[in-house]
Amino acid sequence: MPVRKPSMTVAAPCPLWRRLLALVYDLLVVVAIVMVVGLVCQLATAGRLIDTTHGTVRVAWWYRPLQAVVVGGYFLASWCRGGQTLGMRAWRLRLVSAAGGPPSLRQALVRLALAALPLALLALVPYLGMRIGFGAMLAAWALGLMPALLDPERRALHDRLAGTVLIRLH
């Protein structure tokens, strides 16, 4: 018996709560990706990825950018090839362009950059402490998601600026 794909004609805007639950699922995937990349890097550097010889913890300069590229690659590949991450599949969501077709690579890159921008606020942690740096990041994400409560298509700020829509499949 052939497998039926969800029809795009029965799509509705995605409510914020559903978007957040899909994000929790994707967070588990991101943790797994970070762990695997960390293990591969530890093996590749013979355990010298992290240096603690002078009483401080120093990570190789290339490690954090590599993690960002690999995690970003997961989201870009998922959005551009089918419009769904694993969390979005579980909650029956799909990312589409504002015109209803698949998002372009440019749209996916803009969406990724804007959605990840609050992570830059974690750079404040060494200066202001963990509570303030983490709180600033969460506040920035909340502000970016707030438009989804008012927009008729339930688009967050990064979706509005990227020209994408997160839809719920029936």
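Since the model is a prediction, treat every value here as computed from it, not as a measurement.

*Asks:* Where do I start with the pairing of strand β4 (residues 93–97) in this structure?
*Replies:* One face of the sheet, then the other: side chains in a regular strand alternate in exactly this way. Across the five residues that make up β4, a large majority, five, are buried. On β4, burial covers both faces: L93, L95 and S97 on one face and R94 and V96 on the other are all buried. Direction of pairing for β4 relative to strand β5 (residues 164–168): antiparallel, over a ladder of five bridges. Residue S97 lies in a different strand from β5, and its bridge partner there is T164.

*Asks:* How should I be thinking about the pairing of β5 in this particular structure?
*Replies:* Judged by how many residues are buried, β5 sits mostly within the fold: four of five residues are covered. The sheet contact formed by strand β1 (residues 12–13) and β5 spans two bridges and is antiparallel. Opposite A12, over in β5, you have R168 as the bridge partner.

*Asks:* What is the right way to read empty space enclosed by the protein from this model?
*Replies:* With a probe scaled to a water molecule rolled over the atoms, the places where space remains empty come into view. Enumeration according to the criterion identifies one cavity of 30 Å³ or more in this entry. Of the volumes computed, that of the largest cavity is approximately 30 Å³. Considering the residues around the largest cavity, the lining is formed by D51, T52, T53, H54, T56 and R58. A breakdown of the residues in the lining of the largest cavity according to their chemical character gives no nonpolar, four polar and two charged.

*Asks:* What is the right way to look at the layout of surface pockets in this model?
*Replies:* One number sums up the size of the largest pocket: a volume of about 1,600 Å³. Residue assignment for the lining of the largest pocket shows that the elements contributing at least two residues are α1 (16–44), α2 (63–80), α4 (105–116) and α6 (130–145). The element that contributes the greatest number of residues to the lining of the largest pocket is α1, accounting for nine residues. The residue makeup of the lining of the largest pocket, split by class, is 29 nonpolar, four polar and four charged. Space inside the second largest pocket adds up to approximately 170 Å³. Forming the boundary of the second largest pocket are L114, A115, L117, P118, A140, W141, G144, L145, L157, H158 and L161. Residue assignment for the lining of the second largest pocket shows that the elements contributing at least two residues are α4, α6 and α8 (157–162).

So, how was this worked out
Residues numbered from 1 in each chain as written. Predicted model: local features only at pLDDT ≥ 70, side-chain atom pairs only at ≥ 80, totals over all residues. Heavy atoms only, no water. Buried < 20%, exposed > 50% of the residue type's maximum accessible area, 1.4 Å probe, protein only. Helix = DSSP H or I, 4+ residues; strand = E, 2+ residues; numbered from the N terminus. Pairing = 2+ DSSP bridges. 1 Å grid on protein atoms, 1.4 Å probe; cavity = no way out; pocket = protein on both sides within 12 Å on 5 of 7 lines; lining within 4 Å. Points joined across faces, edges and corners; volume = space filled by probe spheres on them. Nonpolar A, V, L, I, M, F, W, Y, C, P; charged D, E, K, R; others polar.

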